[in-house]
Amino acid sequence: MSDFFVAVWWYLLLSLYGLAVFPISFLIFRSFPDRGLLLARPLGMLLVTYLCWILGYAFGFPFSVLGELLVIVVLAGLSLWILLPRRRRIFRTVRSSTGFLLLAEGITLLAFLLLVQARRHDPNLNHTEMAMDLAFFRSLWRGTGIPPVDPWFAGEPINYYYGGYMIFAAVSKLSGLTAGIAYNLSVATVFMLAVSVSFVLGAALTGSRVWAGITAVCAAIIGNLAGVVRIVEYGKVYFSPGDELIYKFKWGYLWNCSRVIYDGDPGGNTQTINEFPFFAETWANLHGHMSNIPFVLLFVALLVAFLRSGLDRLPVGKSLRLRWPLLLLLVISLGGLGFVNLFDLPVFSLVYGCAVLILVGQAWQRKKPIRHLAFLCSLFAFPLMAYLAYFPFHRDFIPPLQYPAAFPFGSEKETLIRFAEHHSGLWEFLCVFGLHISVLLAYLCWKAGESARSLGKEIVGMIGIAAATFFLIFAGLSGHLVWSATLCGSVLFTSLFLKSALFPSAENKVPSSERFALGAVAVCLWIWWGCEVFFIKDNYGCQRMNTLFKFHFPTWLILGFTLPVLAQRLWVQGQKALLVVPGMLIALSLACPLVFFGNVLTGSANPTQPMGLDGQDYLKRHFPAAYEMICFVDNNIPGQPVILEAPGTAYRYDAPAPENVLSANTGAPTVLGWENHEGLWRGHPQEMGLRKQDITTIYSTPDLQAATQLLKKYGVSYLYVGGQERRQYPAQGLEKFEAHFPVEFRGADVLYRVP
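The rules behind the values
In this convention, every chain numbers its residues from 1, walking through the sequence in written order. This being a predicted model, a pLDDT of at least 70 is required before a residue's local features are given, and a value of 80 or more before pairs of side-chain atoms are given or counted; all residues contribute to the totals for chains, interfaces and linings. Note: side-chain values were computed over all heavy atoms of the structure, leaving out hydrogens and water. Axis lines are fitted to C-alpha atoms, over the contacting stretch for helices. Their N-to-C directions set the angle, which ranges from 0 to 180 degrees. What counts as a helix is a DSSP run of H or I of at least four residues, what counts as a strand is a run of E of at least two, and both are numbered from the N terminus. By the definition used in this description, the sense in which the near helix is turned from the far one sets the handedness, with an anticlockwise turn below a right angle giving left-handed and a clockwise turn giving right-handed. Whether two residues are in contact is decided by their heavy atoms: any pair within 4.5 Å suffices. We define a salt bridge as a side-chain nitrogen of Lys or Arg found within 4 Å of a carboxyl oxygen belonging to Asp or Glu. With a 1.4 Å probe rolled over the protein chains alone, any residue whose accessible area is under 20% of its type maximum counts as buried; one over 50% counts as exposed, and the rest are partly exposed. The directions from the helix axis to the C-beta atoms form the arc being described. Confidence scores per residue from the predictor, reported as pLDDT, run from 0 to 100. Two strands pair if DSSP finds at least two bridges between them. Put simply, a nonpolar core is a bunch of buried Ala, Val, Leu, Ile, Met, Phe, Trp, Tyr and Cys residues held in one set by side-chain atoms that sit within 4.5 Å of each other. When two rings of Phe, Tyr or Trp (its six-membered ring) have centres within 6.5 Å they constitute a pair, described as stacked for plane angles under 30 degrees, edge-to-face for angles over 60, and tilted for the intermediate range. Lining residues are defined by having an atom within 4 Å of a point belonging to a cavity or pocket. Those points lie on a 1 Å grid over the protein atoms alone, cavities being sets where a 1.4 Å probe fits but cannot get out and pockets being open sets with protein on both sides within 12 Å along at least five of seven lines. Grid points are joined across faces, edges and corners, and a volume is the space filled by probe spheres set on the points. All residues other than Ala, Val, Leu, Ile, Met, Phe, Trp, Tyr, Cys, Pro, Asp, Glu, Lys and Arg, Gly among them, are scored as polar; the first ten of these are nonpolar and the last four charged.

Enquirer: So what exactly am I meant to see when it comes to the packing of helix 1 (residues 3-29) against helix 7 (residues 163-175) here?
Expert: Think of two packed helices as two axes; the pair is described by the angle between the axes and how far apart they sit. Taken N-terminus to C-terminus, the directions of helix 1 and helix 7 make an angle of 115 degrees; their axes are 11 Å apart at the nearest point. Like other packed secondary-structure pairs, helix 1 and helix 7 cross with a definite hand, here right-handed. Residues Trp9, Trp10, Leu13, Leu14 and Tyr17 of helix 1 pack against Ala170, Val171, Ser172, Leu174 and Ser175 of helix 7.

So this is what it looks like as structure tokens:
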């Protein structure tokens, strides 16, 4: 089947997910310009996955094609029950939005096709942590049990937030496509849904299609200002096939746009991770922070529906009777953020708290009784309910530093949260967040002008001088400008939010979308400040490497939908001059995506890399023996029996074969995969060392009985001898398998069945 028809089939399958839950989506998002139709796609994917997961945990419900279809039929039946009595109103409402729907669907399809084309230029799943992503993805695809089996640590469940892999494995099971194609289409889906949902969200928040487009650009497409800096450093924006297009673009340009802030002097092991949504979407590692992008935006859309739900004015009983579907979806969606990417749960719980505070303030202004205010305040407990909705996952997930074994950093338990010894430089920070800061400063300038007109220029001037003096003294004493500036910004935007939410003035009432944006911006600024002061101790690189990565990344998404709201406010108020600098910076921030798509769409294919969507095609061309074995296991060995192969270290995709090529590409578990990564996830170095030693003994010893006992210890059903095994272990040890074990499959590589 050609790539075109494969992409069309995948797109139609995603649309079927949306159609199955559209009436449910309509109930929640009927006030949105898309009437819930475009938002139904990610909502359907989330609900199908959650129901399969919770039923699997509670009742052993199989995560299989049949199980998925049953869940989809149940959801479709519920949708039909909602639709039938309301069909005329629903169809009439949808018809009234035909123009917007056609525009939004066209943008959605364009985004999908752009990333499909990008993946066709660079389909190979053979860099950085793609083997890990593929291993988890294939384990959930191949297996039917919940919790899923860790393909690199046989006998244990995955000790990682695996929700994103499960969502896309669910679609892949139904698609009938091969793993390499389904993986690349999953990557394209993330970008497609990010653009689609952010466009609808922007239209709902601003009421403008133009500003909706700007929201989509800010949330899903723009890069950081380092993109321009790297162009100047590299001296070119177009990479011809003769320059090894994909390799030099990725590693000479794109990668360096995401490594900007250093913990200390540049060089050595001081580089932190400063990824942004467009980098993640195009780098194509199916990590949780990337696959969660559309579901984060879906949750924000639910929050906007929550703010419009009338909970602040409806009686409590009526609120519960009419709005319980919305409240239930909020719980499932918020909990799902932690299921896909654990760090997003606390971040967006704070954003949710801002929305609740706005409703409480509106009810207070309406002089609602204490009972009503108490009900609204009880909604602050929803993050706890979201946690409990995914309690089996949180119960089974053990953070690496809390493992019962000896701790990796010493004999005593490590302090998880510590004070940071290093802070971001001003230039580095501006390269990452310069555009966002320019909009925030423009908004503050407008607010200062508003205050000057109401309070008097002299008073505002004195306050400004006092604040500037305090800031300069504080920055001088601390010695860190970014640390001080983020703290001052946090206080300012928190004050603006609390004033607008709880103490609005009748003559200068702030729109609810702006109030929500102010609260979300305050959350971002506090996160920025927190990352300058604290870091979470882990097994990764330099002190703040992972802390900046995990907490800065969601602020890109938050600012992606809030800054257009604030900028539109300035535009409507006639403050166009204040938007000149942000306008210039957004143009510069488009350097990274423009260079990327320019190279992809105008450059010819690399002659050494045929264009296509199959991410496993490189195995067929460069490692045919391993590819032949993968095909045999996929087609002839059902379930997830343990298949022993040599353990890997990390990031090795070269000859004689990629490390852990069989477990990564089939999802069949092995005793130990990438030792480095399992150590990071489990914080259990003794167990890693023991398993590695046992595997070495199995392959190396001429003693058949000793090897057999160890194979039984780990429940091994098959033993693989391929390129890595022949490289790492002596021929004398491998010969015993040929003499005593039945051959399951023989090609250039051999698969033995353990008797």
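Enquirer: Explain the pattern of salt bridges here, please?
Expert: When the charged atoms of two side chains with opposite charge come close together, those side chains can pair. For the structure shown, the criterion picks out 20 salt bridges. Close ionic contact of Glu105 with Arg41 constitutes a salt bridge, the shortest N to O distance being 2.5 Å. Of this pair, Glu105 sits in helix 5 (residues 98-121) while Arg41 sits in helix 2 (residues 40-59), placing them 64 residues apart in sequence. Given the relative accessible area of 6%, Arg41 is considered buried. Linking Asp263 and Arg544 is a salt bridge whose minimum nitrogen-to-oxygen distance equals 2.8 Å. One end of the pair, Asp263, is in the loop between helix 11 (245-257) and helix 12 (277-283); the other, Arg544, is in the loop between strand 2 (534-536) and helix 24 (545-572), with 281 residues separating them in the sequence. In this structure, Asp263 and Arg544 share a single accessibility class: buried.

Enquirer: Could you clarify how one ought to interpret helix 4 (residues 87-96) in this entry?
Expert: Those residues of helix 4 that fall on the buried side of the exposure criterion are Ile90, Thr93 and Val94. Looking down the long axis of helix 4, one finds its buried residues gathered within 100 degrees of arc, a one-sided arrangement. Seen from the buried face of helix 4, the exposed residues on the opposite side, beyond 90 degrees, are Arg88, Arg95 and Ser96. The inward-facing, buried residues of helix 4 contact helix 1, helix 3 (65-83) and helix 5.

Enquirer: For this particular structure, what's the right way to read the confidence of the model for the protein?
Expert: A low pLDDT means the predicted coordinates there should not be read in detail. Residues at a pLDDT of 70 or more form 90% of the protein, whose mean pLDDT is 89. Below a pLDDT of 50 lies the segment residues 404-412, which in the model reaches 17 contacts outside its immediate sequence neighbourhood of four places, other chains included.

Enquirer: Looking at this structure, how should I read the pairing of strand 4 (residues 716-721)?
Expert: Remember that side chains alternate between the two faces of the sheet whenever the strand is regular. Counting buried residues in strand 4 gives 5 out of 6 residues, a clear majority hidden from the surface. By the bridge criterion, 3 bridges tie strand 3 (residues 642-644) to strand 4 in an arrangement that is parallel. Bridge assignment links Leu644 to a residue of strand 4, and that residue is Leu719. The pairing of strand 4 with strand 6 (residues 750-753) spans 4 bridges and is antiparallel. Pairing of Tyr718 across the sheet is with Arg753, part of strand 6.

Enquirer: Is there a simple way to think about the nonpolar core in this case?
Expert: Within soluble globular proteins, side chains that are nonpolar generally end up buried alongside one another. Core analysis: the largest hydrophobic core is formed by 233 residues, its most contacted members being Trp53, Phe137, Leu185, Phe306, Phe348, Phe516 and Leu751. If one sorts the elements of this core by residue count, helix 8 (residues 179-206) sits on top with 20 residues.

Enquirer: Is there a simple way to think about unusual backbone geometry in this case?
Expert: The phi torsion of most residues other than glycine is negative, and most of the peptide bonds are trans. Between Ile146 and Pro147 the backbone carries a cis peptide bond, its omega angle lying at 5 degrees. Within the secondary structure, Pro147 is located in the loop between helix 6 (130-142) and helix 7. Backbone torsion omega between Ala655 and Pro656 reads 5 degrees, so that peptide bond is classified as cis. A positive phi is found at Thr128, a non-glycine position, where the angle reads about 45 degrees. Mapped onto the secondary structure, Thr128 falls in the loop between helix 5 and helix 6. By relative accessible area, Thr128 is classed as buried at 15%.

Enquirer: I tried to follow the pairing of strand 6 on my own but got confused; where do I start?
Expert: As defined by bridge partners, strand 5 (residues 743-746) adjoins strand 6 across 3 bridges and the pair is classed as antiparallel. Paired with Arg746 across the strands is Val750, a residue of strand 6. Linkage of strand 5 to strand 6, two consecutive antiparallel strands, is achieved through a turn of 3 residues.

Enquirer: Help me out: how do you make sense of the packing of aromatic side chains in this one?
Expert: Pairs of aromatic rings are described using the distance from one ring centre to the other and the angle between the two planes. Under the definition given, this model contains 59 aromatic pairs. Pairing Phe137 with Trp141 gives two aromatic rings, centres 5.5 Å apart and planes at 70 degrees, and the pair type is edge-to-face. Here Phe137 and its partner Trp141 are both found in helix 6, 4 residues apart, which amounts to about one turn of the helix. Take Trp141: its relative accessible area is 14%, and that puts it in the buried class.

Enquirer: Looking at this model, I keep getting lost on empty space enclosed by the protein. Mind explaining?
Expert: To find leftover empty space, a probe the size of one water molecule is rolled over the atoms. In total, this model carries 5 cavities of 30 Å³ or more according to the counting rule given. Estimates place the volume of the second largest cavity at around 60 Å³. Breaking the lining of the second largest cavity down by element, the ones donating at least two residues are helix 6 and helix 29 (661-666). The element contributing the most residues to the lining of the second largest cavity is helix 29, with 3 residues. Looking at the lining of the second largest cavity residue by residue, the classes come out as 8 nonpolar, 2 polar and 2 charged.

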